[in-house]
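Single-letter residue listing:
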Amino acid sequence: MSTIQWFPGHMAKAKKQVQEKLHLVDIVLEIVDARLPLASRNPILDQIIQQKPRLMILNKADLADAALNAAWLDYFKRQGLPAISIDSQHNHNVQQIEKQAQVILADKIARQQAKGIKNKPIRAICIGIPNVGKSTILNRLVKKNIAITGNHPGVTKRQQWLKAGKHLELLDTPGILWPKFEDPLVGQKLALTGAIKDSLYHSDDVALYMLAFFKQYFPERLQQRYHITEEDLTLTDPDLLMKLTADFGLKQDYERASERLILDCRKGKLGRYTLDQVIEAGS
Ligand code: G4P
């Protein structure tokens, strides 16, 4: 879990650092959490990045709903953004990154080849909010464990290029954007998946959001996991939280019960889910 606190000074500095790194690279790898492909983006990147080629990477695809992974890839492609989904923890589909970067930069590579420049590596940087998996992806691509010491806003160090494939080089420090959670719903989504610090939210608010989400989309999973009846599902969210707190033997400790529900959700005990619906994105 990230411990980064975002203050306006940090945000300005992080933005400047990302901007400075951009002209060193041929392509940006924008990393998002496949469970929240919208909420885990920061639109500021669009401003910073402008015309720079970009590959959207929906990471943690193993935790997200498979059908919605496909729907989100389709959504981004319709927006003109090439996108792939990967599971970097289990090294699934990670090698697609280099292949897709070559496809996106095919014209540039062809122009270089026409000038006699052959096998010039593609230079890339991973950018995203904390906890989306930037370091995991970097380590997978580089095929060794790199201690990412600069993985903190405000920390500067000399840039190094890491060999990340036959035709790919990565900047050793990812670009970090801040999570954007002024919208309470976005904040709850980020909190539920562990993208923001626990002290930034009330666990019962997040648990109520979680119960509402699962009641709407996967009521049977709540029934199975918590041994509740169909009738229990008709309870209001706060009443259901009260019932579960009692069932857990936690008397009236709603906070601890909420934390337990949140942890179950983060650990995948309620199965794969995607909190952002494609329809919310206006598709
Ligand atoms: P960051 O650099 O963007 O901040 O993220 P990082 O790579 O540190 O990854 C954050 C957490 O997400 C790590 O868990 C990592 O193992 C996990 N993770 C990364 N990619 C994937 C993926 O594709 N699938 C799954 N299931 N998990 C992934 P952690 O070390 O346990 O951290 P935390 O859970 O304590 O935050």
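Since we're looking at a predicted model, the values are computed, not measured.

### So, the pattern of salt bridges
Working step 1: Per the counting criterion, the structure on display carries 14 salt bridges.
Working step 2: As a salt-bridge pair, Asp74 and Arg78 come within 3.4 Å of each other at their nearest N and O atoms. Here Asp74 pairs with Arg78, and both are found in helix H3 (residues 66–78), just four residues apart, close to one helical turn.
Working step 3: For Arg78, a relative accessible area of 52% gives the class exposed.
Working step 4: For Asp276, the salt bridge is made with Lys189, and the minimal N-O distance between the two is 2.7 Å. With Asp276 in the segment after helix H11 (254–266) and Lys189 in helix H7 (residues 184–192), this residue pair connects regions lying 87 residues apart in the sequence. Exposure class is identical for Asp276 and Lys189. Each is buried.
Working step 5: When salt bridges that share partners are traced, they join Glu30, Arg41, Asp46 and Arg54 into one network.

### Focus: helix H10 (residues 237–247)
Working step 1: For H10, the complete set of buried residues consists of Asp237, Leu240, Leu241, Leu244 and Thr245. Projected down its long axis, H10 shows its buried positions confined to an angular sector of 140 degrees, all on one face.
Working step 2: Residues of H10 that are buried sit in contact with helix H8 (203–217), helix H9 (219–226) and H11.
Working step 3: Positive phi appears at Gly249, one or two residues downstream of H10, with a value of about 75 degrees.

### A look at the domain arrangement of the chain
Working step 1: Domains assigned within the chain are domain 1 (9–172) and domain 2 (202–281).
Working step 2: Computed over C-alpha atoms, the centres of domain 1 and domain 2 are 33 Å apart.
Working step 3: Listed as interface residues are 17 residues of domain 1 and, on the opposing side, ten residues of domain 2.
Working step 4: Ranking the residues of domain 1 by area buried against domain 2 places Arg35, Leu68 and Trp72 at the top, with a combined share of 40%.
Working step 5: The tally of links from domain 1 across to domain 2 stands at zero salt bridges.
Working step 6: In this assembly, domain 1 and domain 2 are joined by eleven residue pairs in polar contact (both at pLDDT 80 or more).
Working step 7: In terms of residue class, the side of domain 1 that touches domain 2 is built from 13 nonpolar, one polar and three charged.

What counts, and where the lines are drawn
Residues numbered from 1 in each chain as written. Predicted model: local features only at pLDDT ≥ 70, side-chain atom pairs only at ≥ 80, totals over all residues. Heavy atoms only, no water. Salt bridge = Lys/Arg side-chain N within 4 Å of Asp/Glu carboxyl O. Helix = DSSP H or I, 4+ residues; strand = E, 2+ residues; numbered from the N terminus. Buried < 20%, exposed > 50% of the residue type's maximum accessible area, 1.4 Å probe, protein only. Arc of directions from axis to C-beta. Contact = heavy atoms within 4.5 Å. Domains from an automatic or database assignment. Buried area = accessible area lost by both parts, 1.4 Å probe. Polar contact = N/O pair within 3.5 Å; in protein donor to acceptor, adjacent residues only side chain to side chain. Nonpolar A, V, L, I, M, F, W, Y, C, P; charged D, E, K, R; others polar.

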